[in-house]
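Reading the structure
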Amino acid sequence: MGASSSREELEISDSDDEEYVGEEEEEEQEEKKSSSSLDEIDKKLQSLKLKYSSSTQQNSHPKNSVRLYLHIGGKTPKSKWITSEKLTTYSFVKSYDEDNDGDDDDDEEGTWFLKIGSKIRTKVGTDMQLKPFGDQRRVDFVCDGVWAVKFFTDESFRSFLTEFQDCLFENVYGFEATDQNKVKVYGKDFIGWANPEAADDSIWEDADDGLPKTPGSSASVRNSQDLMEEFEEEANGGGIQSLALGALDNSFLVNDSGIQVVKNFSHGIHGKGVNVKFNSGGNSNSRVGSSLGHSTPKKALLMRAETNMLLMSPTNEGKPHATGLHQLDIETGKIVTQWKFDKDGTDITMRDITNDSKGSQLDPSESTFLGLDDNRLCRWDMRDRKGLVQSLASANSPVLHWSEGHQFSRGTNFQCFATTGDGSIVVGSLDGKIRLYSTTSMRQAKTAFPGLGSPITHVDVTFDGKWILGTTDTYLILICTLFTGKDGKTKTGFEGRMGNKIPAPRLLKLNPLHSHQAGANNKLHGGQFSWVTESGKQERHLVATVGKFSVIWNFQQVKNSAHSCYHNQEGLKSCYCYKIVPKEESIVDSRFMHDKFAVTDSPDAPLVVATPMKVSSISMGSSSSKR
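Residues numbered from 1 in each chain as written. Predicted model: local features only at pLDDT ≥ 70, side-chain atom pairs only at ≥ 80, totals over all residues. Heavy atoms only, no water.

Further remarks concern the overall build of the protein. When helices and strands are tallied, the protein shows nine helices and 41 strands. Across the 627 residues of the protein, 51% fall into the buried class. Accessible surface for the protein amounts to roughly 29,500 Å². Of this, 45% is attributable to carbon and sulfur atoms. (Helix = DSSP H or I, 4+ residues; strand = E, 2+ residues; numbered from the N terminus. Buried < 20%, exposed > 50% of the residue type's maximum accessible area, 1.4 Å probe, protein only. Areas by Shrake-Rupley, 256 points an atom, 1.4 Å probe, with all protein chains shown as cover.)

Structural data, given as structure tokens:
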């Protein structure tokens with residue numbers, strides 16, 4: 001199938017002195033010859049063991065001197081690192097708006113840029129995907145290509161990382177990276193997020209009890225993933241917009257013209273040849289009405305033991321907000337109700353909807369669901385308070401009953417949400433904050449995690465509520481919600497305030513090479529855990545999509561504090577160990593099927609990957625289970 005590992009960085013040795021081939025080829029050839037002659041003279045001088053030789057050697061490189069490399073060859077077998085500049089210097093420079101007339105006011109806001117020699121000038125930000133290699137005194141990053149910088153001393157390497165993090169903090173928050181400002185941004189309870197080295201990591205180990213720890217377990221997981229197998233099929237009509245996986249018999253692909261029904265198997269999903277059309281034409285019994293033909297639904301939510309589906313279409317192109325939704329009876333293929341969002345007689349919008357809990361789509365009596373807008377969090381009830389049967393024949397669309405919730409005055413900027421097995425709610429925001437709401441109140445969050453500066457575009461939570469996965473454009477953030485209460489019992493942040501012993505999160509990142517290869521629109525989206533709906537079961541993997549790649553992390557490996565990725569790291573621990581499933585076109589969604597579809601020779605349910613034209617089913621097991 002061609003799945004690839006994240007372990008594709010080549011070590012760069014100091015002897016890798018291949019010339020950079022480009023406009024300056026002749027000049028650099030001459031420089032190399034001159035450098036070679038100087039090296040010979042230097043060796044002769046050192047052999048004389050002069051008294052001042054040691055001091056000369058210490059000062060042989062100017063301050064902030066580095067060696068710059070460029071990665072060439074892309075994904076081809078001939079890809080390699082070449083020396084771009086054998087000796088150059090770096091600096092962090094602050095650039096001000098031209099309207100400021102160049103005034104050097106210390107209070108004036110500016111943007112930090114990293115400048116390396118004559119070839120690199122880039123804004124300091126997370127989209128650089130900077131990755132340090134402590135054992136090589138090296139950092140890799142993206143800047144219209146993939147670059148590597150090698151430092152000549154450990155001190156200069158550490159100094160660079162500290163300065164980079166300080167500039168990044170200031171670019172993100174607009175404050176200088178002082179201890180006082182970090183407390184201002186994160187809060188005193190979250191100082192471990194600003195200073196991870198001082199954070200208590202023990203809670204991660206206490207929580208890592210979902211899977212047995214056996215010697216070499218991580219290696220065996222990686223080896224089994226090397227043998228992933230796949231089958232794929234064309235999507236009828238193409239134009240897939242979203243994927244609605246079922247835990248029972250069927251799953252559904254929502255495309256430009258309708259819904260394709262597919263059959264769930266232990267090895268993935270297959271088309272059944274059944275389609276429900278949105279637009280006119282065809283069998284009238286298979287149409288859901290022309291009202292959906294103008295706007296393809298961006299959200300499909302299964303309900304009532306997966307016999308009904310809620311379809312929500314954005315009102316305006318390019319924006320997620322909707323004024324209502326359609327309720328589809330899957331068994332008949334007909335829209336049975338067209339609902340409208342209304343509060344106190346006023347039309348309102350929703351940007352997202354989700355089930356009351358992780359497994360509630362399997363409940364045949366389910367009549368409520370959750371809604372989210374920029375400053376609203378609520379529960380909608382489809383049961384009519386007057387006991388009347390709703391019908392599309394009525395002049396006005398039936399109104400959903402606002403069962404409970406809260407309309408916040410301003411500033412929450414909610415973006416996405418998800419629910420646990422017991423119905424607790426996690427909400428991600430534009431400012432990067434992640435809030436936890438208990439099952440008893442939507443008015444005030446029990447816990448609010450500070451943002452790291454990047455908007456949360458998607459959020460997921462484990463069935464037991466112990467772990468949260470937030471997606472940003474450039475990284476995933478994994479948060480442990482466990483804490484020890486005053487009564488000595490272990491609880492989650494959904495149940496109470498976590499106090500000041502909140503563990504630092506972990507980041508899941510792509511290495512710069514893969515980030516660059518993912519394509520121009522290489523934003524991570526849709527990060528999710530594998531799917532369980534049974535108490536006591538632990539999710540096994542995390543998956544996200546970026547460009548033409550589905551990226552899979554092993555959950556147990558990410559939680560393990562002794563994992564090799566975390567060695568010699570400064571700041572928040574970042575995991576770069578993952579598997580990539582590449583596709584020929586941009587991926588719409590990547591999701592694991594329900595764990596009931598895991599087979600005996602693999603404890604992992606298949607992964608389903610949808611592109612606009614195809615849908616693939618990928619087995620994580622070491623042997624095939626195809627029919």
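Alright, that's what it looks like, and here's the rest.
Glancing now at the environment of N500. Structurally, N500 can be placed in the loop between strand 32 (490-492) and strand 33 (506-508). By relative accessible area, N500 is classed as exposed at 57%.

Attention shifts here to the state of the cysteines. Evaluated as defined, the whole model comprises zero disulfides. No disulfide involves C565; its sulfur sits 3.6 Å from that of C577, the nearest cysteine. Summary of cysteine pairing: C575 is not part of a disulfide, and the nearest cysteine sulfur, belonging to C565, is at 4.4 Å. (Disulfide = S-S within 2.5 Å.)

Residues of the protein with pLDDT of at least 70 account for 78%, and the chain-wide mean is 81. Across the protein, the secondary-structure element scoring lowest on mean pLDDT is helix 7 (residues 217-226), at 40, and the one scoring highest is strand 28 (residues 458-461), at 98. Confidence over residues 17-35 falls short of pLDDT 50; this stretch has 24 contacts with residues more than four positions distant or in other chains. Residue range residues 622-627 is modelled with pLDDT below 50. Its contacts to residues more than four positions away, or to other chains, number 15 contacts. (pLDDT = per-residue confidence, 0-100. Contact = heavy atoms within 4.5 Å.)

With that settled, consider helix 4 (residues 179-186). Taken together, the buried positions of helix 4 are occupied by N181, K182, V185 and Y186. Along the axis of helix 4, the buried residues cluster in a sector spanning 120°; they form a single face. In helix 4, the exposed positions angled more than 90 degrees off the buried face are occupied by D179, Q180 and K184. Tucked inside the fold, the buried residues of helix 4 contact helix 3 (154-173) and helix 5 (191-194). (Arc of directions from axis to C-beta.)

This part takes up the packing of aromatic side chains. Summed over the entire model, instances satisfying the criterion amount to 19 aromatic pairs. With 5.4 Å between their ring centres and 40° between their planes, F92 and F160 make a pair best called tilted. With F92 in strand 3 (residues 80-95) and F160 in helix 3, this residue pair connects regions lying 68 residues apart in the sequence. On the basis of relative accessibility, which here comes to 2%, the residue F160 falls in the buried class. Taking the centre distance of 5.3 Å and the plane angle of 40° together, the rings of F341 and W380 count as tilted. With a gap of 39 residues between them, F341 in the loop between strand 17 (334-340) and strand 18 (342-343) and W380 in strand 22 (residues 376-381) connect regions that are remote in the sequence. The residues F341 and W380 share a single accessibility class, namely buried. The structure contains a cluster of three or more aromatic residues connected by ring pairs, namely Y90, F92, F151, F157, F160 and F164. When the ring centre of W402 is taken as origin, the NZ or CZ atom of K343, which lies over that ring, is 5.0 Å away. (Phe/Tyr/Trp six-rings, centres within 6.5 Å; stacked < 30°, edge-to-face > 60°. Lys NZ or Arg CZ within 6 Å of the ring centre and 35° of its normal.)

Take the sheet that holds strand 10 (residues 242-244) next. Spatial strand order, 10-11-12-13: four strands in an open sheet with antiparallel pairing. Strand pairing shows two members of the sheet lacking a second neighbour, strand 10 and strand 13 (268-277), which therefore form its edges. Direction aside, the axes of adjacent strands within the sheet are offset by 25° on average. In this structure, strand 11 (residues 250-254) lies alongside strand 12 (residues 258-265), joined through five bridges in antiparallel fashion. Within strand 12, the position partnered with F252 by the bridge is V261. (Pairing = 2+ DSSP bridges. Axes fitted to C-alpha atoms, helices over the stretch in contact; angles between N-to-C directions.)

In space, the four strands of this open sheet follow the order 24-25-26-27, with antiparallel pairing throughout. The open sheet has two edge strands with one neighbour each: strand 24 (414-419) and strand 27 (447-449). Along the sheet, successive strands turn relative to each other by an average axial angle of 20°, direction set aside. Judged from the three bridges that link them, strand 26 (residues 434-437) and strand 27 form a sheet pairing that is antiparallel. Looking at strand 27, one finds that I434 is bridged to F449.

Okay, the side chain of Q538 next. Secondary-structure assignment places Q538 in the loop between strand 34 (524-529) and strand 35 (541-546). At 3.0 Å, the side chain of Q538 and the side chain of E539 are in polar contact. (Polar contact = N/O pair within 3.5 Å; in protein donor to acceptor, adjacent residues only side chain to side chain.)

Turning our eyes to something else, we now look at the pairing of strand 35. Strand 35 sits mainly inside the fold: six of its six residues count as buried. The two faces of strand 35 match: H541, V543 and T545 on one face and L542, A544 and V546 on the other face are all buried. Bridge count for strand 34 against strand 35 is four bridges, and the pairing is antiparallel. Its bridge partner being in strand 35, H525 is matched across the sheet by T545. When strand 35 meets strand 36 (residues 549-554), the two strands line up antiparallel, connected through six bridges. Counterpart to V546 in the pairing with strand 36 is F549.

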